[in-house]
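Letter by letter, the chains look like this.
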Amino acid sequence: MTQAVAARPTLLSVNVNAVAYLRNRREVPWPDLIDISRAILQAGAHGITVHPRPDERHIRFSDLPALSRLIAEEFPQAEFNIEGYPTRHFIDLVLENKPHQVTLVPDTPEQSTSDHGWDFAADGEMLLPIAEEFKAAGIRVSYFVDANPADPALAQQAGADRIEFYTGPYADQTDPDATIRELEMIRDTANEARALGNLMMNAGHDLTVENLPRLRQAIPDLAEVSIGHGLTADALMLGFPEAVRRYLRVLGHDA
């Protein structure tokens, strides 16, 4: 049974990997990642997300200190979120750059994008000491999860402060009945997370202004979404400030 939950605005963190990927196609310094991140935050976004991969095909390791300084010096109310697979190198990058949140994803280096959540039965023991290391440094820990009602409790046991729903299976549906089934799984998983008392919920992957309203109906207390590809695609037509404002309105903010 769906719990009665008061709706609230959802925070927007913009993933700027696509901006960095475009920059990296040529040996030129534009588009300027910092200038665009500044414009995104000036337009009202609540944070910046990056996913530095081992091959640096979009975000470069050298981008992280500059983004961290931008937020600390110009937008101290905003959040810096670094996501990735927790190799020792990634862990050290996060600890050096001190984001507010780290989102751990079970990606392999060759993946083009994240496409599934953690298998906590297999990986929970490996993840727990990593989460404890981050939390000892004052960094919030979020785990990428599938819509599976068993996962929130397992994520919490592995040290999660939050979970981030992998929303690809919902966003990619074209059949109405399949969409309803995905939303029901998300809703059931959110109910289990909520019942734990202190495990907040984020979401990300292929989210758009068109599919966000139904997701927010399924999770009225959704804390944060991380959006990159869809918002960047809109920004090609609208510009980043207007694209950000468009998403903020859908997420329940005056913009």
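Above this text sits the structure in question.
The paragraphs below set out a description of the structure included in this document. (Residues numbered from 1 in each chain as written. Predicted model: local features only at pLDDT ≥ 70, side-chain atom pairs only at ≥ 80, totals over all residues. Heavy atoms only, no water.)

## Notes on the packing of helix α2 (residues 33-42) against helix α3 (residues 63-74)
Thinking step 1. As a packed pair, α2 and α3 sit with axes 10 Å apart at the nearest point and diverge in direction by 35°. The element α2 and its partner α3 pack so that their crossing is right-handed. Side by side, α2 and α3 meet where L33, I34, S37, R38 and L41 of the first sit next to D63, A66, L67, L70, I71 and E74 of the second.
Thinking step 2. Its residues assigned to classes, the contact of α2 with α3 comprises 7 nonpolar, 1 polar and 3 charged. (Axes fitted to C-alpha atoms, helices over the stretch in contact; angles between N-to-C directions. Helix = DSSP H or I, 4+ residues; strand = E, 2+ residues; numbered from the N terminus. Left-handed = near helix turned anticlockwise from the far one by under 90°. Contact = heavy atoms within 4.5 Å. Nonpolar A, V, L, I, M, F, W, Y, C, P; charged D, E, K, R; others polar.)

## Focus: helix α1 (residues 17-24)
Thinking step 1. Taken together, the buried positions of α1 are occupied by N17, V19, A20, R23 and N24. Down the axis of α1, the buried side of the element spans an arc of 160°, and every buried residue falls inside it.
Thinking step 2. Buried positions along α1 lie against β1 (11-15), α2, β2 (47-50), α3 and α11 (240-250). (Buried < 20%, exposed > 50% of the residue type's maximum accessible area, 1.4 Å probe, protein only. Arc of directions from axis to C-beta.)

## Quick word on the nonpolar core
Thinking step 1. Ranked by size, the top nonpolar core spans 72 residues in total, and within it L12, L104 and Y143 carry the most contacts.
Thinking step 2. Sequence-distant contacts of L12, that is, excluding residues within four places in its chain, are made with A45, H46, G47, V225, I227, L231, V244, Y247, L248 and L251. (Core = buried A, V, L, I, M, F, W, Y, C linked by side-chain atoms within 4.5 Å.)

## Considerations on the packing of helix α4 (residues 88-97) against helix α5 (residues 120-136)
Thinking step 1. Two elements in contact, α4 and α5, have axes whose closest approach is 10 Å; the angle formed by their N-to-C orientations is 15°. What the angle tells us is that α4 and α5 run roughly parallel. Seen from above, α4 lies across α5 with right-handed handedness. For the pair α4 and α5, the contacting residues are R88, I91, V94 and L95 in the first and I130, E133 and F134 in the second.
Thinking step 2. Looking at the contact of α4 with α5 residue by residue, the class counts come to 5 nonpolar, no polar and 2 charged. (Parallel < 35°, antiparallel > 145°, perpendicular 65-115°, else oblique.)

Note that all results are geometric; they support no functional claim without further evidence.
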